[in-house]
Amino acid sequence: MALTQGNRDAAIDAWLAESAEHASANHLNAALDAALAAVSVAPSAPRIHLQLVRLYFQRGWPDKAVERALLLDRLLNLDPEPTVHQQLRSLAAENAATDQRLAALASQRG
């Protein structure tokens, strides 16, 4: 509804909230669908990609999660969003045992 009214940010917020709700219920396909709906509206929005990283880890797709995290880190270096970057570093620290690149990302200062 928000998107039809021209409020892209509200639509993204709604899809991300839906994604998080589905993820907390372990309905990961639905969570991914909601996050990908948000990507279709705002492909470069860092908060959406952060949610995808979370979902990929939760789904048991560490390779996809690491690649998305590294791409998100590059995006955030070009267009800083300190809060999202900190959340990404925290997520990388939680999953650092998965891949050394995550350990390096987690140790960044920002």
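Computed from a predicted structure; not experimentally measured. Each residue is numbered by its place in its chain's sequence as written, counting from 1. With the structure being a predicted model, the display of local features is reserved for residues of pLDDT at least 70 and the display and counting of side-chain atom pairs for 80 or more, all residues being used for whole-chain, interface and lining totals. Hydrogens and water are ignored here; the side-chain numbers use all heavy atoms of the structure.

Peer 1: Outline the overall build of the protein, listing residues and values.
Peer 2: The number of helices and strands found in the protein is six helices and zero strands. Helix and strand assignments come from DSSP, with helices taken as H or I runs of at least 4 residues and strands as E runs of at least 2, each series counted from the N terminus. The linear arrangement of helices and strands in the protein, starting from the amino end, is α-α-α-α-α-α. In terms of overall dimensions, the protein has C-alpha extents of about 45 × 30 × 15 Å along its principal axes. Here's how the labels work: a residue is buried when its accessible area is under 20% of the maximum for its type, exposed when over 50%, partly exposed in between, all with a 1.4 Å probe on protein chains only. Looking at the protein residue by residue over its 110 residues, the buried ones come to 39%. By definition in these notes, contact holds between two residues if any of their heavy atoms fall within 4.5 Å. Here the contacts in the protein between residues at least 6 apart in sequence split such that 48% fall between residues at least 24 apart. Summed over its atoms, the accessible surface of the protein is roughly 6300 Å², and 51% of this surface lies on carbon and sulfur atoms. The protein chains shown are the only cover counted for residues, whose accessible areas, like all others here, come from Shrake-Rupley with a 1.4 Å probe.

Peer 1: Could you give me a rundown of the environment of A42, with the residues and numbers involved?
Peer 2: Mapped onto the fold, A42 is located in the loop between α2 (28-41) and α3 (46-59). A C-alpha to C-alpha distance of 8.1 Å links A42 and R8, two positions 34 residues apart in sequence. Those residues in contact with A42, other than ones at most four positions away along the chain, are R8, I12 and I48.

Peer 1: Quick one: what's the story with the pattern of salt bridges, residue by residue and with numbers?
Peer 2: Should a side-chain nitrogen of Lys or Arg be within 4 Å of a carboxyl oxygen of Asp or Glu, the pair is scored as a salt bridge. Enumeration according to the criterion identifies four salt bridges in this entry. Salt-bridge contacts for D9 lead to R47; the nearest nitrogen and oxygen are separated by 3.7 Å. Of the two residues, D9 is situated in helix α1 (residues 8-24) and R47 in helix α3; the sequence distance between them amounts to 38 residues. Accessibility expressed as a relative area gives 45% for D9, which makes it partly exposed. The closest approach of N and O atoms between R47 and D13, which form a salt bridge, is 2.2 Å. Separated by 34 residues along the polypeptide, R47 in helix α3 and D13 in helix α1 bring together distant segments of the chain. Judged by relative accessible area, which is 27%, R47 ranks as partly exposed.

Geometric values such as these leave the question of function open.
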